[in-house]
Amino acid sequence: QVQLVESGGGLVQPGGSLRLSCAASGSIFSINAMGWYRQAPGKQRELVAVIYSGGSTNYADSVKGRFIISRDNAKNTVTVYLQMNSLKPEDTAVYYCNAVARLGPGQASGYWGQGTQVTVSS
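Conventions we followed
Residues numbered from 1 in each chain as written. Predicted model: local features only at pLDDT ≥ 70, side-chain atom pairs only at ≥ 80, totals over all residues. Heavy atoms only, no water. Core = buried A, V, L, I, M, F, W, Y, C linked by side-chain atoms within 4.5 Å. Buried < 20%, exposed > 50% of the residue type's maximum accessible area, 1.4 Å probe, protein only. Helix = DSSP H or I, 4+ residues; strand = E, 2+ residues; numbered from the N terminus. Contact = heavy atoms within 4.5 Å. Phe/Tyr/Trp six-rings, centres within 6.5 Å; stacked < 30°, edge-to-face > 60°.

> Give me the lowdown on the nonpolar core, citing residues and values where you can.
Note that soluble globular proteins tend to have their nonpolar side chains buried in a common cluster. Ranked by size, the top nonpolar core spans 32 residues in total, and within it Leu 4, Met 34, Trp 36, Leu 82, Met 84 and Tyr 95 carry the most contacts. Mapped onto this core, the elements with two or more residues apiece are β1 (2-7), β3 (18-26), β4 (30-39), β5 (46-52), β7 (67-73), β8 (78-84), β9 (93-102) and β11 (116-120). With 5 residues, the top contributor of residues to this core is β9.

What follows is the structure, encoded as structure tokens:
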């Protein structure tokens with residue numbers, strides 16, 4: 001299995017910054033992509049940012065220029081970061097880490113973290 005452990009959420013004032021972290025561990029054969037999704041109350045979960053195994057990235061239009069996704073590959077753990085700058089009240093949501101990974105040769109599966117709350121408010 002793949003375990004995703006998130007950290008870094010909290011309360012921040014508009015215009016402030018936060019950095020989210022997501023550490024992936026387990027019997028991972030390979031990771032195709034890791035990303036962050038968010039879900040605000042009464043809304044559907046949406047993609048925020050994703051980083052692929054080759055290093056390319058993709059962002060939601062609403063966060064382009066403000067958020068940066070990055071990845072750190074250690075021996076037994078892959079950690080993905082989401083640096084969030086110039087935060088707005090509309091960024092308030094539960095943020096979920098996602099990994100598309102293989103446990104062995106064969107089809108990849110998606111895995112989710114437990115979610116971390118980000119609240120942007122004065």
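What follows continues from the structure just given.
> So what about the side chain of Thr 79? Which residues, and what values?
Here Thr 79 is to be found in strand β8. Those residues in contact with Thr 79, other than ones at most four positions away along the chain, are Cys 22, Ala 23, Ser 70, Arg 71 and Asp 72.

> Account for the packing of aromatic side chains, naming residues and giving values.
Counting across every chain of the model gives 2 aromatic pairs. Measuring from centroid to centroid gives 5.0 Å for Tyr 37 and Trp 112, while their planes differ by 70 degrees, and the two rings are edge-to-face. One end of the pair, Tyr 37, is in strand β4; the other, Trp 112, is in strand β10 (residues 109-112), with 75 residues separating them in the sequence. With relative accessibility at 41%, the residue Trp 112 sits in the partly exposed group. One aromatic cluster in this structure is built from Tyr 37, Tyr 96 and Trp 112.

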